[in-house]
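# Descriptive analysis of the structure
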Amino acid sequence: MDSNMIPPLYCQQTADDVNKKWEDTLHATALSFIQKLDLPKIHPLCKQFLQENNDWINDDTFLEIPIPDHAMGSEYFYETSMGILSRLYTLFCVVAPALLAMAELWLRLFSCLIAPAVGTFLLVKEINPPRVDFGGEKRHHDGNMTSKRTERREVILMILGLAASGVLFTDTMYVQAHGRGTGGLCLCIMLCLCVKRSERLVWFQRIFRVALVAIVSVVIYLYSRSERGGDSLFHHPGIDIATIQEGLYYSPHNAFMRRVAELWPQEDRIYDKRNASPLPTGDSMTGIPFLVNSAPKQEYYRLWVQSEVDPEAVAIDIAFPPNGVHSTVKPVYLILHGLNGGSHEEYVREFVVRRVREGHTCIVMIARGLMDTPVFGWNVFHGARITDVDATAKAIRKGLEENQMLAGVGYSMGAIILSNYVARSGSKCQLDCAMAISGGLDMRENLNFIRSMRLWQPMLAQTLKQDFIMQKFDGRFRQRLTQEQHLSLMRASSVSEVDVHAIVTYNGFDSLLHYYTEMSAMGDTCAFQALNCEVVTTNATTSRIAKDDCTACDQVGRIGNVSIPFCVMHALDDPLTTWRTMGHDPQRLVQTGSGHIMMFLTKSGGHVGWPLGLNPASSGWKFMNDAVSGFVNGVDQARIEVLEKKGSRSE
């Protein structure tokens, strides 16, 4: 192997980190904790480069390494030979889906305001018809005068009002939150007012009636599809209203988990009209916090954890309390961030700030390749890899005192990975407790979450392709994928489509179903699905499913191996990860195995949202992050009580 194939640019940029002196900035307790961890301040391969006098990566480090981007030949850049129409279509696929999704999402977000506002406007028009000629271009048959410009505006408003009313009547989030009746009444009133008003239109009557017929047809079509389309994971789910109830679920047969529930302050797990922001749907409860919330800055100390399965390493960012004192008693938090995130993510940083102020040490594990961390070989990030979490937890345990807890916290994609790790590791889990927030337990159920694919995933997919694939690892994908596969990746309009080539094809999974099966804590069982697995033939992005692909439906699979207190927090109106990923029988689920699973389900809250009060920015992600603290402190206190009982018996 040519030792110059990978220029150590990242190592050159971070070479000074190895000489950083933390003795002058860290408290003695924090410094002692870091010394116990015995982890390098720079990437282990960079350390090797610096120590071996620029002799980069030994020949046996990698069996094969990617060609650096600057050394790739023209044969990898197929787009240079593409025709203008093909290039324009690719550009359309890159830009249009996200823009259309954003436009539709904004319409749905504000439908609850648009519909009543337009209805009020039309009602006022009917009660007090204009008697003055403002335009003077043509006179109505009833004597009222209007201008062409004014009529155009009225038609646009009526079309918006009808569309918004249709959303209130057919949209999953509005129907789940407010029922069909409210939307149906609004739609009927809007139809009557618009039809009445259209009789007075002169210039745009035909255009409006065409729009009216189109909107009514779409509403009828959507209403007709309210029932589930079939018995497989890939049929459309219908209106997809949650059939499970909100609440705190735990096994009544596990005394320890009962005690945790008792110690968890009730005010930290109540989310309803009394404290929730008065936002209409899960879409707004997801989007508004990300628009208005902010978190204070937080200083981190970065170390690196060597992978146990390949030569790569992951970065961990450590935050200590403001006074610098590392507690040897309080739980230490290991935090897994969301998709394309890191320790800089607002909700992650806010959690860290809240917990360090309480005296906890917090450690954020940075997923491979994110936050500008390097990946030198082929093994970039994917959601089914749990070995990095295991290696990181093992490394952190070296710095803990006896009986000091290590608590895992995962958000969104981090929650999916954390759940999978806790289930797969079983009794070998290196964590003492864990809490997963807005992460599905069975991501196979997200395969037909069409609403998420159309409204939210195009924007996430565009960011993911731009930041993670094109700017960081495009060379690897070009080398491992065929030209057709790479082009399909560039044209992907949802996270699921990105997963097909960026994860499934690149990493050798059999199909998207196979990847989601391996990624999910409940991916190997049908026990908690509403429908049994049926034999179906799907398109190229999935695969053929048979009952043999699942564990027998009377077996619970790896989720039954959970051996530590594990809480799953999820909102039933989550617009990105369907409620169905929680399973259809939470009470049965929490009693599987040793009964260490707890489920905290809220009726509303969105995805990593749960805004509070009339001004969500004033509280930030307080409810969500304090719920984690309440659960972890409950586990810690229950453990102390158990240890005290054992101590008194031994005496």
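What comes next is a walk through the structure. (Residues numbered from 1 in each chain as written. Predicted model: local features only at pLDDT ≥ 70, side-chain atom pairs only at ≥ 80, totals over all residues. Heavy atoms only, no water.)

## Concerning the pattern of salt bridges
According to the stated counting rule, one finds 31 salt bridges in the structure shown. The partner of E104 in a salt bridge is R108, with the nearest N and O atoms 2.8 Å apart. Taken together, the residues span about one helical turn, with E104 and R108 both in helix α4 (residues 84-127) at a distance of 4 residues. Residue classification places E104 among the partly exposed positions, given a relative accessible area of 23%. Look at R108 and you get buried, because its relative accessible area is 11%. The residue D283 makes a salt bridge to R451 at a minimum N-O spacing of 2.5 Å. Of this pair, D283 sits in helix α9 (residues 282-292) while R451 is found in helix α13 (residues 450-455), placing the two residues 168 residues apart along the sequence. Judged by its relative accessible area of 8%, R451 falls in the buried class. Taken together, the shared-partner salt bridges in this structure form one network comprising E104, R108, D171, D283, R451 and R454. (Salt bridge = Lys/Arg side-chain N within 4 Å of Asp/Glu carboxyl O. Helix = DSSP H or I, 4+ residues; strand = E, 2+ residues; numbered from the N terminus. Buried < 20%, exposed > 50% of the residue type's maximum accessible area, 1.4 Å probe, protein only.)

## Some words on the packing of aromatic side chains
In this description, a pair of aromatic rings is defined by centroid distance and the angle of the planes. For the structure shown, the criterion picks out 19 aromatic pairs. Ring centres 5.9 Å apart and planes at 85 degrees place the aromatic pair F290 and Y347 in the edge-to-face group. Note that F290 is positioned in helix α9 and Y347 in helix α10 (residues 346-357), a separation of 57 residues in sequence. Here F477 and Y506 contribute two aromatic rings whose centre-to-centre distance is 4.7 Å and whose plane-to-plane angle is 50 degrees, an arrangement assigned as tilted. In this pair, F477 is assigned in helix α14 (residues 457-480) and Y506 in helix α16 (residues 495-507), connecting sequence segments 29 residues apart. Three or more aromatic residues joined by ring pairs form one cluster here, namely F290, Y333, Y347, F351, Y411 and W621. Directly above the aromatic system of W22 lies the positively charged group of K41, at a separation of 4.7 Å from the ring centroid. Directly above the aromatic system of F528 lies the positively charged group of R588, at a separation of 5.2 Å from the ring centroid. (Phe/Tyr/Trp six-rings, centres within 6.5 Å; stacked < 30°, edge-to-face > 60°. Lys NZ or Arg CZ within 6 Å of the ring centre and 35° of its normal.)

## Description of the sheet that holds strand β11 (residues 597-602)
Overall, mixed pairing links the 9 strands, which are arranged β3-β11-β10-β9-β8-β6-β7-β5-β4 in an open sheet. Single-partner strands in this sheet number two, and they are β3 (247-249) and β4 (301-306). Pairwise comparison of adjacent strand axes, ignoring direction, gives a mean angle of 20 degrees for this sheet. Sheet topology note: the strand β9 (residues 433-437)/strand β10 (residues 566-571) ladder contains 4 bridges and is parallel. If you follow M435 over to β10, its bridge partner there is C567. Contacts from helix α12 (residues 413-425) reach β6 (332-336), β8 (406-411), β9 and β10, with the element oriented near 135 degrees to β8. (Pairing = 2+ DSSP bridges. Axes fitted to C-alpha atoms, helices over the stretch in contact; angles between N-to-C directions. Contact = heavy atoms within 4.5 Å.)

## Considering the nonpolar core
Ranked by size, the top nonpolar core spans 149 residues in total, and within it I335, Y411, L431 and F631 carry the most contacts. Apart from residues lying up to four places away in sequence, Y411 is in contact with I335, L336, H337, G338, Y347, V348, F351, I437, V608, M624 and N625. Listed in part, the 16 residues of the second largest apolar core include V118, L122, L187 and M190. (Core = buried A, V, L, I, M, F, W, Y, C linked by side-chain atoms within 4.5 Å.)

## Digging into unusual backbone geometry
Even without being glycine, D38 reaches a positive phi, approximately 55 degrees. Within the secondary structure, D38 is located in the loop between α2 (28-37) and α3 (44-51). A residue is classified by how much of its surface remains accessible, and D38, at 65% relative accessible area, is exposed. Positive phi values are uncommon outside glycine, yet D372 reaches one of about 60 degrees. Relative to the helices and strands, D372 resides in the loop between β7 (362-365) and α11 (387-397).

## Considering the environment of T286
Looking at the element boundaries, T286 is found in helix α9. The sequence separation of T286 and G609 amounts to 323 residues, and the corresponding C-alpha distance is 5.0 Å. Apart from residues no more than four positions distant in its own chain, T286 is found in contact with W456, P575, L576, G606 and H607.

## Things to note about the side chain of H570
Its location among the elements puts H570 in strand β10. Residues contacting H570, with those up to four places away along its chain left out, are S438, G439, T577, T578, W579, T581, M582, F600, L601, T602 and W610.

## Remarks on α2
Burial in α2 covers these residues: A30, L31, F33, I34 and L37. For α2, the arc enclosing every buried residue in end-on projection is 155 degrees, short of the 170-degree limit, so these residues lie on one face. Relative to its buried face, α2 has exposed residues pointing more than 90 degrees away, namely A28 and Q35. Check the buried side of α2 and you find it contacts β4, β5 (313-319), β7 and α11. Just downstream of α2, D38 is the residue with a positive phi angle, here 55 degrees. (Arc of directions from axis to C-beta.)

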